[in-house]
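As a plain string of letters, each chain reads:
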Amino acid sequence: MKGEPKDLKFTVNGKTVELKVKPKALLLDVLRNDLKLTGTRTGCEVSACGACTVNLDGKAVRACSILALQANGHDVVTIEGVADGDKLHPIQQAMVDHGAIECGFCTSGMVLSARALLAENPKPTIEDIKKAIQGNLCADSGYVKYIEAIQMAAAKMRGGE
Amino acid sequence: MKDFEYFVPKTVKEAISLLGKLKEDAKIIAGGQSMLVLMKQNMLTPENLVDIKGVTELDYMNYDKGKGLMIGSLTTHSTIEKSPIIKKQYPVLAEMEDNVAAVQTRNYGTIGGNVCHGEPAGDPSVVFIALNAKLKLVGGKGERVISSEDFYKDTLEVDLKPDEILTEIQVPPIPPNTGVAHEKLMFQKGDLGIVGAAASVTINPSSGVCEAACIALSNVASTPFRAKSAEKVLVGKVINDKVLEEAAEAMSADISPPSDVHGSEEYRKAMAKVFFKRAVTKALERAKAKS
């Protein structure tokens, strides 16, 4: 029957999750409403602002523009899965230390875009960083601090404090 | 968004037989980066959604010096953008991808989905037309190969039968003494172009005369627009400012662009000329550098 829930089985922040979702459910809705992972933000919902950015198989994608069922069998990491227990991820720590976070609404998306970038490119140039967060809008226009924080995190992750 | 029935075929064969059974009531989704926006607004309300994103056999790129480049339709924009072969053999494709939406969209969106969406403002379509690319469509009755220019019927309408899938984009090798370029007008990087132009220009290396030109513009008509009368002006001449202006005038006379919040018809017409000239000039410079 049309719209009937279907099985979804995927990995979220390292744990296997199984649930039933309607075909029209967006990945964003399932993360926030079903799994209560509300760190992923609902922003524009039309693929413009990047606040809903998560990592799908390690890549930055917009959870508002993917059907939840399209994540079936895949690996999703949200902001809740970025830190190592109580220890912040170097990207998070650098953003805190550097005062990059203003209102914080775009931060989780920024972190996940940066995380995907640094996994692929451990030594990004400023241009690389700008390109990676081009799709993450910050209403406070705090881009400079974010760029610097990502540079700091990259250096730390490479081992040079 | 309206409810729909959801299907996940794993192979091209399975997808085609499913589409054959569902007939007109089905819509194919790949990355869905353009389509879901329409579905959320209920501008598109399919009864059945056939999700082919997981048909991995269509995610490939093969390059052969003689045959050119074969791009599987489910290759993502990011894969094309980052491919060393593309950067070397078809740099215009990498340049174009750099301006398509944002990283997140390019990571999930597919090249075939973009082409089949039939968006007249889309970038890949005009670049593929300038590159003389062909599209391989596979359906219940077998396969057919058509020129990418002939694929577009109207705004968001393409020549795809209900049981057909675009499986491959075939880009021939760039001929000798040829330059290709793409330019588009954006308020912000990654925007859908207010207008855009892709040009391929071939010159005679000794005389500098333009021997062939293929130019297509985006967002100036209900489909990607091939500027045939402008091409006629250019071919057989040494392209200078006067010839270029004459060609731009010829193109401009043939278009009646849409008018919307991003630009009036008059503004688009004026900008189409500017970006036409920029694309042709850049293509010409590249052709000269090669010859």
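Because the structure is a prediction, the values reported are computed rather than measured.

**Quick word on the overall build of chain A**
A tally of regular secondary structure across chain A gives five helices and five strands. What you see in chain A, going N to C, is helices and strands ordered as β-β-α-β-β-β-α-α-α-α. A sequence separation of at least 24 residues applies to 59% of the contacts in chain A between residues at least 6 apart.

**Some words on the overall build of chain B**
Tallying secondary structure elements over chain B gives 11 helices and 14 strands in all. Principal axes of the C-alpha set define a box for chain B whose edges measure 60 × 45 × 35 Å. For chain B, the proportion of its 291 residues judged to be buried stands at 51%. Across chain B, contacts joining residues at least 24 apart in sequence account for 65% of those joining residues at least 6 apart.

**Observations regarding the domain arrangement of chain A**
Residue and element names in this part refer to chain A. Under the domain assignment used here, chain A contains domain 1 (6-81) and domain 2 (90-158). One C-alpha centre belongs to domain 1, the other to domain 2, and the line joining them spans 21 Å. Taken together, the contact pairs 14 residues of domain 1 with 13 residues of domain 2. Counting only elements with at least two residues in the side of domain 1 that touches domain 2, the list comes to strand S3 (53-56) and strand S4 (59-62). With three residues, the top contributor of residues to the side of domain 1 that touches domain 2 is S3.

**Some details on helix H1 (residues 12-22) of chain B**
Residues and elements named next belong to chain B. Every buried residue of H1 is accounted for by Ala 15, Ile 16 and Leu 19. Buried residues of H1, viewed axially, fall in a sector of 95°; they line one side. Close packing links the buried residues of H1 with strand S2 (26-29), strand S3 (48-51), strand S6 (134-139) and strand S10 (165-171). Positive backbone phi, at 55°, marks Lys 23, one or two positions downstream of H1.

**A look at the domain arrangement of chain B**
One can read the domain layout of chain B as domain 1 (5-51), domain 2 (56-171) and domain 3 (178-290). Its C-alpha centre places domain 1 of chain B at a distance of 35 Å from the equivalent point of domain 3 of chain B.

**Brief notes about the nonpolar core**
All names here are of chain B. Residues Ala 130, Ala 199, Ile 215 and Phe 276 are the most contacted members of the largest nonpolar core, which totals 140 residues. Per-element tally for this core: the top contributor is helix H11 (residues 265-290), with nine residues. Excluding anything up to four places from it in sequence, Ala 130 contacts Val 180, Ala 198, Ala 199, Ser 200, Cys 214, Ile 215 and Ala 216.

**Description of helix H5 (residues 91-98) of chain B**
Each turn of an α-helix holds 3.6 residues, which means side chains three or four residues apart point in the same direction. Residues and elements named next belong to chain B. Val 92, Leu 93, Met 96 and Glu 97 are the residues of H5 that are buried. Each buried residue of H5 lies within a common arc of 135° when the element is viewed along its axis, so the set occupies one face. Residues of H5 that are buried sit in contact with helix H3 (77-82), helix H4 (84-89), helix H6 (103-108), helix H8 (123-130) and strand S11 (178-184).

**Observations regarding the sheet that holds S11(B)**
All names here are of chain B. What the four strands build is an open sheet, ordered S11-S12-S13-S14; its pairing is antiparallel. The outermost strands of the open sheet, each flanked by one partner alone, are S11 and strand S14 (225-226). Set on the sheet, H8 makes contact with S11, strand S12 (196-203), strand S13 (210-218) and S14; between it and S13 the angle comes to about 165°. Taken strand by strand, H11 contacts S11, S12 and S13, and its axis lies near 150° from that of S11.

**Topic: the confidence of the model for chain B**
Mean pLDDT for chain B: 97, with 100% of residues reaching 70 or above. Model confidence for the complex: the whole-complex pTM is 0.97, and ipTM, which rates the interface, is 0.96.

**Quick word on the packing of helix H2 (residues 90-97) of chain A against helix H3 (residues 107-120) of chain A**
All names here are of chain A. Axis separation between H2 and H3 bottoms out at 10 Å; the angle between their running directions is 130°. Between H2 and H3, the angle falls in the class oblique. In this structure, the crossing between H2 and H3 has a hand that is right-handed. The segment H2 lies against H3, with Ile 91, Gln 92 and Met 95 engaging Thr 107, Val 111, Ala 114 and Arg 115. Here the residues of the contact of H2 with H3 are counted per class, giving four nonpolar, two polar and one charged.

**Points about the interface of chain B and chain A**
Taken together, the contacts link 22 residues of chain B with 25 residues of chain A. Of all elements in the fold, only strand S1 (5-7), helix H2 (35-40), S3 and H6 of chain B reach the threshold of two or more residues within the side of chain B that touches chain A. Top contributing element to the side of chain B that touches chain A by residue count: H6(B), with five residues. Split into classes, the residues belonging to the side of chain B that touches chain A amount to nine nonpolar, six polar and seven charged.

**Structural notes on the packing of H3(A) against helix H5 (residues 143-158) of chain A**
Residues and elements named next belong to chain A. At a closest axis distance of 11 Å, the pairing of H3 and H5 adopts a crossing angle of 40°. Judged on the interaxial angle alone, H5 and H3 are oblique. With respect to the hand of their crossing, H3 and H5 are arranged in right-handed fashion. Facing H3, whose interface residues are Met 110, Ala 114 and Leu 118, H5 presents Tyr 146, Ile 150, Ala 153, Ala 154 and Met 157. Among the residues making up the contact of H3 with H5, the classes are represented as eight nonpolar, no polar and no charged.

**Re the pairing of strand S7 (residues 142-147) of chain B**
Residue and element names in this part refer to chain B. Little of S7 is tucked away: zero of the six residues are buried. Inspection of the sheet shows S6 paired to S7 by six bridges, in the antiparallel sense. Bridge pairing links Lys 136 to Val 145 in S7. Connecting S6 to the antiparallel partner S7 that follows it, the hairpin turn spans two residues.

Reading guide: rules and limits
- Residues numbered from 1 in each chain as written.
- Chains lettered and ligands numbered in written order.
- Predicted model: local features only at pLDDT ≥ 70, side-chain atom pairs only at ≥ 80, totals over all residues.
- Helix = DSSP H or I, 4+ residues; strand = E, 2+ residues; numbered from the N terminus.
- Contact = placed C-beta atoms within 7 Å.
- Buried ≥ 20, exposed ≤ 12 C-beta atoms within 10 Å, placed from the backbone.
- Domains from an automatic or database assignment.
- Arc of directions from axis to C-beta.
- Core = buried A, V, L, I, M, F, W, Y, C linked by C-beta atoms within 7 Å.
- Pairing = 2+ DSSP bridges.
- Axes fitted to C-alpha atoms, helices over the stretch in contact; angles between N-to-C directions.
- pLDDT = per-residue confidence, 0-100.
- Parallel < 35°, antiparallel > 145°, perpendicular 65-115°, else oblique.
- Left-handed = near helix turned anticlockwise from the far one by under 90°.
- Nonpolar A, V, L, I, M, F, W, Y, C, P; charged D, E, K, R; others polar.

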